[in-house]
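Here is how the chains run, residue by residue.
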Amino acid sequence: MPRSNGRARLQAAGKKILKHWQLHLLVIPPLLFFLIFKYYPMANAVLAFKDYNVIKGIWGSPWVGLKHFRLFFENPMFWTLVKNTLLLSGYLLLAGFPIPILLALMINEIRGGRFKRFVQLVSFAPYFISTVVMVSIIMLFLAPRLGFANIALNFFGLESVNFLGEPGMFRSIYVWSDIWQTAGYSAVIYLAALAGIDPTLYEAAKVDGASRFQKIRHVDLPGIVPTIVIILILNVGNVMAIGFEKVYLLQNPLNIVNSEIIATYVYGIGLLNANYSFATAVGLFNSLINLVLLVTVNGLAKRITSNSIW
């Protein structure tokens, strides 16, 4: 009986695949992309446990166990790298997570169609600016002599400030420029969730005499809570994987005390110094921390709100 049931299920699955073969064909390219560029490279993470030899290759290099992990943990830069990464990521999460929600709620309350589309366009457009161009804009805006920020300070009788040369200002420059660039794009997700709320709830709130603020509090926010929880879980799961490109481009010898994070350290050690095994160990450690955070936050969210990724 079990074998016959298995065959019947396989035949039923085969018929479904043949019936909708066009849809399954569309799935093949993204599936191949993830298999080739995401899952297959994971096998080479074994490099973190070996002393890489170019001639012998990854699998032929001698096994050294946890040697590179111990070297990283004993490195004087270890706690500085972890601290800088966590502070920058935490700052971005705390400041950047609520703003797209507030922006979506405000856009949703706009009644004028043209003005609403204009606000969406203006807030969404910065997302399409590339990282290199964005960093160039930041550098020009904050230039010590000809930057608009210092021109404004001089106009009010204040001295010029070398913003990118001040270590204490690096995190704020990174975070608030990132919020400006991505808030509009992130708000689209919440706007889509708001569009899916049952209109009868608004009608019932109107009948009960609810104000706009009360509608937001009792209808809009509960309606997008599942979306908020999922986005929060994903953001916390990427706390240690903060973007490398922008940090690296904004980095200079004056602010490196606060701008050196794990991602830029891996780049310097792995590619510039050709210490591939050590860099792989550091990157693997970073990924494991992200995985632990993702699983932990997902479990807490499931227990508290009954919403989770799995």
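Residues numbered from 1 in each chain as written. Predicted model: local features only at pLDDT ≥ 70, side-chain atom pairs only at ≥ 80, totals over all residues. Heavy atoms only, no water.

Chemist: Before we go on, may I ask you to explain the overall build of the protein in this structure?
Modeler: Check the secondary structure of the protein and you find 16 helices and zero strands. Rg of the C-alpha trace for the protein: 25 Å, well past the compact-globule value of 19 Å for 310 residues, more than 25% over. Taking the principal axes of the C-alpha coordinates as reference, the protein spans close to 90 × 75 × 35 Å. When the 310 residues of the protein are sorted by exposure, 33% land in the buried category. (Helix = DSSP H or I, 4+ residues; strand = E, 2+ residues; numbered from the N terminus. Rg over C-alpha atoms; globule rule 2.2 N^0.38 Å. Buried < 20%, exposed > 50% of the residue type's maximum accessible area, 1.4 Å probe, protein only.)

Chemist: Teacher, can you tell me more about the pattern of salt bridges here?
Modeler: Between side chains of opposite charge, a pair can form as their charged atoms come close. Summed over all chains, the structure comprises three salt bridges. Put simply, Arg-111 and Glu-109 hold a salt bridge, and the shortest N to O gap is 3.7 Å. Residue Glu-109 is classed as buried on the basis of its relative accessible area of 15%. The residue Glu-109 makes a salt bridge to Arg-212 at a minimum N-O spacing of 3.7 Å. With Glu-109 in helix 6 (residues 98-109) and Arg-212 in helix 12 (residues 212-237), the pair connects residues that are 103 residues apart, well separated along the chain. Arg-212 gets classed as partly exposed once you look at its relative accessible area, which sits at 46%. Several salt bridges converge on common partners, so that one network encompasses Glu-109, Arg-111 and Arg-212. (Salt bridge = Lys/Arg side-chain N within 4 Å of Asp/Glu carboxyl O.)

Chemist: What exactly am I supposed to notice about the packing of helix 15 (residues 262-272) against helix 16 (residues 276-305) here?
Modeler: When two helices pack together, their arrangement is given by the angle between the helix axes and the distance between those axes. The interhelical angle for the contact between helix 15 and helix 16, taken along N-to-C directions, is 165°, at an axis separation of 8 Å. Judged by the angle between their axes, helix 15 and helix 16 are roughly antiparallel. The handedness of the crossing between helix 15 and helix 16 is left-handed. For the pair helix 15 and helix 16, contact is made by Ile-262, Tyr-265, Val-266, Ile-269 and Gly-270 and by Tyr-276, Phe-278, Ala-279, Val-282, Gly-283 and Asn-286, respectively. Here the contact of helix 15 with helix 16 is composed, by residue class, of eight nonpolar, three polar and no charged. (Axes fitted to C-alpha atoms, helices over the stretch in contact; angles between N-to-C directions. Parallel < 35°, antiparallel > 145°, perpendicular 65-115°, else oblique. Left-handed = near helix turned anticlockwise from the far one by under 90°. Contact = heavy atoms within 4.5 Å. Nonpolar A, V, L, I, M, F, W, Y, C, P; charged D, E, K, R; others polar.)

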